[in-house]
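Take a look at the letters that make up each chain.
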Amino acid sequence: MSFCVNPGMAGHLSRIPGLCDTNNSKPTSGDEMIELMTYFIVFFFSPAAPPTVRIIHSGHACNVEEERHTERVYTIREGETLELTCLVTGHPRPQIRWTKTAGSVSDRFQDSSVFNETLHIAKILRTQGGRYYCKAENGLGSPAIKSIRVDVYYLDDPVVTVHQSIGEAKEQFYYERTVFLRCVANSNPPVRYSWHRGREVLTQGSDKGVEIYEPFFTQGETKILKLKNLRPQDYANYSCIASVRNVCGIPDRSVIFRLTNKTASPSIKLLVEDPIVVNPGQTVSLVCITTGGEPPPILTWLTSNDSLPQRSVVKGGTLTLPAISSDEAGVYSCVASNNVGNPAKKSTTIVVRALKKGRFWITPDPYHNDDNIQIGREVKISCQVEATPPEELTFSWLKNGRGLRSSERMVITQTDPDISPGTTNLDIIDLKFTDFGTYTCVAALKGGGIPEISIDVNISSTTVPPNLTVPRGKSPLVTREGDTVELECLVSGKPKPIILWSRADKEAPMPDGSMQMESYDGVLRIVNVSREMTGSYRCQTSQYNGFNVKPREAVVELIVQYPPTVEPVQTEMRQGLGRPVVMTCRVLRAHPSRVLRYEWFLSNKLLHAGAFDAQRDETEYTIHNLNRDGWGEYTCNVINEAGAGKCTFHVTGKAYSPEFYYDTYSPLWQNRPRVYSFKLQWTQMNPNAVDRIVAYRLGIRQMGLQRWWEQEIPVDGNINKGELMTHNLTELIKPESYEVRLTPITRFGEGDSTIRIVTYSAPINPHLREFHCSFEEEPICMFIQDKNDDFDWTRHSAATRDTKYTPNTGPSGDRSGSKQGFYMYIETSRPRKEGDQARLISPFFNVAPKNPYSITNPPAYCLGFFYHMYGKHIGTLNAFLKQKGQTTSEGPVWSLGGNQGDRWKQAKVSIHPTSSFQIVLEGVRGPGIEGDIAIDDITLEEGECRDPPPSDNCKCDLFGRH
């Protein structure tokens, strides 16, 4: 039984992968058959596998190192690009999620997670350092999680502050004996400090008049310079140099402070009063001047909440507030700083005059238990206003428009503004008929400029305390969800007070979010009422604008009806022809819950209707034998007085999507120099859920192009769940990538499609007949960086290369000229030094000798690669043969140095290994930064090299001999 597949897109589907040679379609040998059958058992019967995860990096890393407990640390300079890629295996293809934790709980990673294989953060900030987690899950086993700690390196400019010992402080700051210069710079890693006086380097013991503190709290780092018994020579320029030892190429930073006999801490003066009382709309200017300080201090303005008003203008030491408002009142501070001593600070308060919230209340005779006003008894009228400033508040009283003075029967008093908001009382003793009339309370501020507030209170025989009632038919009040509803309490009495509304049945906020809402007409209006608002609402009289008596209250019941909530709201049901389909619509909640009806429809055709009985909360509809007319959208409407809830069922015969298998062993192979082939593998999701899949429609297009090429792949027999299927894609052009679309076909028609990208790369497991690596994928063909060299090779493409890298060196594209293609290069900018080496080591290649006891005639292999060596500071590129068991390295089999021009050239050299071996490519840094060396398209083929290209200055012959 053979399942061989001929090359080309038109090949048939292979149900058992790998049972023939893809190059010549010959049957396999017996040993090969055993190996392939083992592969068949693992992958054909059980391709489903839980996820695994590996994190790899690109971008601008300074260093990636393994610490204890297998912690990976990725070091990057602030402002560079962080790029981490999560490589996963597992079938079905795992879902990937990036998350982050950091030292601060409030430091959130973009307030969400990133669902993508690659995490890309351009211009990374120091706050974005921390531990990043990649989580992959596909529903099989436990999720796979890997993490890497990102350490962001930075160095801020240092700041020098100057102090003297407190006991020696006098009027002139620096005529005293002992001075301290303290240098601080924010950094990661910890900073090292050094001090210079002029050009002289200051160290401990180099000058008896100087001490350099290394106190415990600075973790051994030099920060504080102490000048003892200040001498004339101590008046000089002092430099503090902060260094992180050039890690990540971060240069040292320095600051200079000039110490003179005039150096002094700042002093200032405010040319304004305190407080400043103004009317709204006025322009206010605050003037702050320096009266001392060397170096000249810098002036800044602050408010109590640290941010100045948006319309404010600062010019020098003058702060201008145009058209000031009450919101801009507060404390304003002028701060002067010159890093000598403590900053100087002076403050003033701006008070914006205002009158607001005028209210009144009437208090019947407090000595009698009566809520009514009665002739012959006392009555008190109170008037309250909020005033700024409170000490300017004045009250006056009028009766029927005429001024009223305090007397034995008409007693006018005013509360202390320091104790309570401004309140005035008018006590009428022994009320008479002649006292009936309109009393007016007038509030004003001394000096004017602010409109007065007048409050009228009518005292007459009709002045009675309030009463509250709920209108007939207004409780309980029934409404529907989403409507606008008005809850009403009728207020009787004169005057009518403010009504306060709150929840009576539970401690819950009102619709506006507050615990209590005010109403002047007794009506509470709720827009877009929701089911959560069902309950009891209390209306209550307040003392304001009414009687200061025991509150009256009433309760209104609100009932909010809403349509049934059902499940499933929308679902898809896939089924083959001739099979039964059962659809169930379930009621979760509804109000009212009685008298529920249901109606089943297919499109607009009524299928069945009825009513729920008291014991059931669901309705079913069954298709006993599905036919073509039965495919479509079914809806179940569950109806009550408030409306309908709808369950929707989409019954279809569409097949589920296939699931591409990404973990195929060596899916890509090179069959001709310009083209490659790819083994496409997949399983079918729920193959038995619908009719038998008779074929797959395969679509393929080259990335960047619009045109799709399509063909059908026939399928014989039934597909089992988890069965791995294979189709070989051939004639793919190197190094292009392709988008592949796969769609199952049944009697229903096309099912769900799935898409993947096929990317050209060298084989991950190289064999010696032909090995080719173009560095198009991150694993870089199993090459590794030498841990004992000075720096690393970098994988890059011209499309992603940072423009700030050194010009006049390095390639403008890969070997084929593509700006999207990748290559490896050495970056020779600082901190690299002349002679620094970067080595890239290939995977091991096995040599199978024809004579098992010895190799008298070593086999020959041709090593080829393309190199780009452009720049006036080009160093040397060496190729070494490293054989297994060798303790010392021999000389290079190929070597070239110097500028070779701005173009790619090919190198070929024959090698003759006698045991398993590796290829080592070494780049050596030249005398300057214009010395980037790049390599691409490394090949290794059996046999001697044919027609090796000429190479100027190459220190080798055809066979690598010197």
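For the structure itself, look to the data block above.
First, a word on what this report is: a plain description of the structure on this page. Since this is a predicted model, take the numbers as computed values, not measurements. (Residues numbered from 1 in each chain as written. Predicted model: local features only at pLDDT ≥ 70, side-chain atom pairs only at ≥ 80, totals over all residues. Heavy atoms only, no water.)

## Let's talk about the pattern of salt bridges
Scanning all chains against the criterion turns up 36 salt bridges. Between Arg 586 and Glu 567 there is a salt bridge, with its nearest N and O atoms 3.4 Å apart. In this pair, Arg 586 sits in strand S45 (residues 581-591) while Glu 567 sits in strand S43 (residues 553-567), placing the two residues 19 residues apart along the sequence. Two residues, Glu 710 and Arg 741, come together in a salt bridge whose shortest N-O distance is 2.7 Å. Here Glu 710 is found in strand S55 (residues 709-714), whereas its partner Arg 741 is found in strand S57 (residues 738-746), with 31 residues between them in sequence. (Salt bridge = Lys/Arg side-chain N within 4 Å of Asp/Glu carboxyl O. Helix = DSSP H or I, 4+ residues; strand = E, 2+ residues; numbered from the N terminus.)

## Brief notes about the packing of aromatic side chains
Centre-to-centre distance and the angle between the planes together describe a pair of aromatic rings. By the definition in use, this model includes 16 aromatic pairs. Ring centres 4.9 Å apart and planes at 55° place the aromatic pair Tyr 676 and Tyr 760 in the tilted group. Residue Tyr 676 is located in strand S53 (residues 675-684), and its partner Tyr 760 is located in the loop between strand S59 (754-758) and strand S60 (770-773); the two are separated by 84 residues in the primary sequence. With relative accessibility at 0%, the residue Tyr 676 sits in the buried group. Between Tyr 823 and Tyr 825, the aromatic rings sit 6.2 Å apart at their centres with planes inclined by 65°, giving edge-to-face as the arrangement. This pair shows no difference in class: Tyr 823 is buried, exactly as Tyr 825 is. An aromatic cluster of three or more residues is present, and its members are Trp 600, Tyr 621, Tyr 634 and Phe 649. (Phe/Tyr/Trp six-rings, centres within 6.5 Å; stacked < 30°, edge-to-face > 60°. Buried < 20%, exposed > 50% of the residue type's maximum accessible area, 1.4 Å probe, protein only.)

## Considerations on the sheet that holds strand S33 (residues 453-459)
Strand order in the open sheet formed by four strands is S29-S28-S32-S33, and the pairing between neighbours is antiparallel. Among the strands making up the open sheet, the edge pair consists of strand S29 (402-404) and S33. Strand-to-strand twist of the sheet, defined as the mean angle between neighbouring strand axes without regard to direction, takes the value 35°. Across three bridges, strand S28 (residues 393-399) lies against S29 in antiparallel orientation. Bridging across to S29, Trp 397 finds its partner in Leu 404. (Pairing = 2+ DSSP bridges. Axes fitted to C-alpha atoms, helices over the stretch in contact; angles between N-to-C directions.)

## Overview of the sheet that holds strand S15 (residues 224-227)
In sheet architecture, strand pairing relies on hydrogen bonds along the backbone and comes in two forms, parallel and antiparallel. Reading across from one edge, S9-S10-S15-S14 is the order of the four strands in this open sheet, with antiparallel pairing throughout. What marks the edges here is a single partner per strand, and that holds for strand S9 (159-164) and strand S14 (210-213). The sheet shows a mean angle of 20° between the axes of neighbouring strands, direction not considered. Here S9 runs beside strand S10 (residues 179-184); their pairing, made up of six bridges, is antiparallel. Residue pairing for S10: His 163 is matched across the bridge by Phe 180.

## Some remarks on the state of the cysteines
According to the stated counting rule, one finds eight disulfides in the structure shown. Each sulfur of the disulfide joining Cys 862 and Cys 945 lies 2.1 Å from the other. For the disulfide bridge between Cys 862 and Cys 945, the dihedral angle about the S-S bond is near 105°, and by the sign convention the bridge is right-handed. Of the two residues, Cys 862 sits in strand S65 (residues 861-869) while Cys 945 sits in the segment after strand S70 (933-942), which places them 83 residues apart along the sequence. The burial state of Cys 862 is the same as that of Cys 945; both residues are buried. The thiol sulfur of Cys 636 is not disulfide-bonded, and the nearest other cysteine sulfur, from Cys 585, lies at 3.8 Å. (Disulfide = S-S within 2.5 Å.)

## Topic: unusual backbone geometry
The peptide bond linking Asn 188 to Pro 189 adopts the cis configuration, its omega dihedral lying at 5°. Checked against the element boundaries, Pro 189 lands in the loop between strand S11 (187-188) and strand S12 (192-197). Omega for the bond connecting Asp 274 with Pro 275 falls within 30 degrees of zero, at 0°, which places this linkage in the cis form. When you line up the elements, Pro 275 lands in the loop between strand S18 (264-270) and strand S19 (276-278). For Asn 339, which is not glycine, the phi dihedral falls at a positive 65°. On the secondary structure map, Asn 339 appears in the loop between strand S24 (330-337) and strand S25 (344-352). The phi torsion at Asn 686 lies on the positive side, around 45°, for a residue other than glycine. With respect to the helices, strands and loops of the structure, Asn 686 is situated in the loop between S53 and strand S54 (695-702).

## Re the nonpolar core
By size, the foremost hydrophobic cluster in this structure holds 35 residues, and its most contacted members are Phe 775, Phe 783, Phe 865, Leu 877, Trp 894 and Ile 935. Per element, the largest residue contribution to this core is five residues, and it comes from S65. If we ignore the near neighbours within four places in the chain, the residues touching Ile 935 are Phe 775, Trp 793, Tyr 823, Met 824, Leu 840, Phe 866, Tyr 867, Leu 877, Trp 904 and Leu 921. (Core = buried A, V, L, I, M, F, W, Y, C linked by side-chain atoms within 4.5 Å. Contact = heavy atoms within 4.5 Å.)

## Observations regarding the environment of Tyr 153
By secondary structure assignment, the location of Tyr 153 is in strand S8 (residues 144-155). Looking at Tyr 153, the relative accessible area reads 15%, which means it is buried. Along the backbone, Tyr 153 and Val 247 are 94 residues apart, and their C-alpha atoms lie at a distance of 8.0 Å. Setting aside anything within four residues of it in sequence, one finds Tyr 153 in contact with Thr 75, Ile 76, Arg 77, Glu 78, Asn 188, Pro 189, Val 247, Cys 248 and Ile 250.

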